[in-house]
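Coordinate inspection notes
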Amino acid sequence: MPAPSLKLPTIQNWNCHNCGGCCKQHQIEITLEEKERIDKQRWDEDDSIPGGKPVIVKMGISPTSQRYRLAHQEDGSCIFLDERGLCRIHAKFGEPAKPLACQVYPYAFHPAGNDIAVSLRFSCPSVVANLGERIDRQEPAIRKIVNQVLPKRHKATPAPKLTAREAVGWPDTLKAVTALSRFFADPEVPVQTSLLRALGWIELIEHARFEVVQGERFTEFLELISQAVDQELPADLEIPRTPPSRLGGIQFRLLAAQYARKDTHAETAKGLGRRLSLLMSALKFTRGSGTIPQLQERFQRVPFAALEEPFGALPAESQKLFSRYFRVKIQGLHFLGAAYYDIPFVEGFYHLALMFPSILWIARWIAAGEGRTELAAEDINEAMTIADHHHGYSPVFGMPHFRSRVKTLSRTGDIKKLISWYGQ
């Protein structure tokens, strides 16, 4: 069977700039083979390991468990992260000696029919800043990683559902993905308008039936509804700042709080005390009054009300960032199916669209904590790394109660209101 083609984002650059952020946020589970390889590296004889600690920890309480992870330092960093922000394994034995999970980040590989779509995680600051070499010029290096990730006899997976009711097969699903991505391709269209157009388009798909609308008919259908939403929302349309409903505000604050959390090993190791603190915080986010609970040290204690005031237009640089973010996530299928809790296309885009107000809510928290009432591009960059750390990776986002929250926000029209409210 020929190797699957890689669908690489042509608008995204990336190279590692050794910030060490990924080594401070993630728990790295390793295979038995990787454990044996690291054991042979004899780190027990290396004085650079902090405190002479073991570098590998068994997961689970069963004595027969064969699940392992890399150990952590006191601050939650990987045991192999040195004081320069570099990986000790990489420095001593080369990149191929690192666990596969470390080699993959920040790439994400998703099935796209017989091909593989490549996305990236914007939890990496270098991805957000678009630093490095164009991704499509790095195919040989990416191919080596993909060959390790894919099973030896890779078979195409079934296409994810288009709506909660129907699937249309990979060819038509990929047509829908391409059509959705085009909403964010025109630099002259503000990202808020692009999102509102895309949501109107998604709603038309959600309420359509596709028993006989396939192939060429499906292509014509996508073109017709794209033209309809473009005409309804011209690029120069002034979008009124509309507050969400009371229920929508509650549901959104709980969602944004989940994105603002810092779920690292150091945090989860705090046990019952942390869980009780998060429960109390959830009650405060539900009320939405008083001071915002400090979910992580990065945030200052500011009133909820401070984040509801107008913060002005988005910086031009951030408009471009959001357009690139949505195009990379959509083209990489990083919002549906196997890449996102097996959620259908329509529902998955509702989740993805909510990243816009969530990121801006977190950016406002950062700015307000420094006494500012306007957003800087740096606030939005940082907020995106915080929020996207969870997107598609924290199990809670695929749970029924969270999916129900997103469905409620879409059904009440509050996603569109949230985009207008926090986008200005």
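Here we look at the overall build of the chain
Along the backbone of the chain there are 18 helices and 8 strands. Relative to the 2.2 N^0.38 estimate, which gives 22 Å for 424 residues, the radius of gyration of the chain is 22 Å and therefore close to what a compact globule would have. By its C-alpha atoms, the chain is 70 × 60 × 40 Å across when sized along the principal axes. Residue burial in the chain is summarised as follows: out of 424 residues, 52% are buried. Intrachain contacts of the chain at a sequence separation of at least 6 include 75% that bridge at least 24 residues. Put simply, the chain has 53 plus and 47 minus side-chain charges, and the middle of one group is 5 Å from the middle of the other.

Some thoughts on the sheet that holds strand S3 (residues 29–30)
Spatially, S3-S5-S4 is the arrangement adopted by the 3 strands of the open sheet, whose pairing is antiparallel. Each edge of the sheet is formed by a strand with only one pairing partner; in this case those strands are S3 and strand S4 (56–59). In this structure, S4 lies alongside strand S5 (residues 67–70), joined through 4 bridges in antiparallel fashion. Bridge pairing links valine 57 to arginine 69 in S5.

Thoughts on the side chain of histidine 334
Inspection of the secondary structure puts histidine 334 in the loop between helix H13 (316–331) and helix H14 (345–353). Relative accessible area serves as the criterion here: at 0%, histidine 334 is assigned to the buried category. At a separation of 3.5 Å, a polar atom in the side chain of histidine 334 contacts the side chain of tyrosine 393. Filtering out sequence-adjacent residues up to four positions away, histidine 334 remains in contact with Ala108, His110, Ser119, Leu120, Arg121, Lys329, Ala339, Tyr340, His391 and Tyr393.

Here is what the cut-offs are and how they apply
- Residues numbered from 1 in each chain as written.
- Predicted model: local features only at pLDDT ≥ 70, side-chain atom pairs only at ≥ 80, totals over all residues.
- Heavy atoms only, no water.
- Helix = DSSP H or I, 4+ residues; strand = E, 2+ residues; numbered from the N terminus.
- Rg over C-alpha atoms; globule rule 2.2 N^0.38 Å.
- Buried < 20%, exposed > 50% of the residue type's maximum accessible area, 1.4 Å probe, protein only.
- Contact = heavy atoms within 4.5 Å.
- Lys, Arg positive; Asp, Glu negative; His and termini not counted.
- Charge placed at Lys NZ, Arg CZ, Asp CG, Glu CD.
- Pairing = 2+ DSSP bridges.
- Polar contact = N/O pair within 3.5 Å; in protein donor to acceptor, adjacent residues only side chain to side chain.

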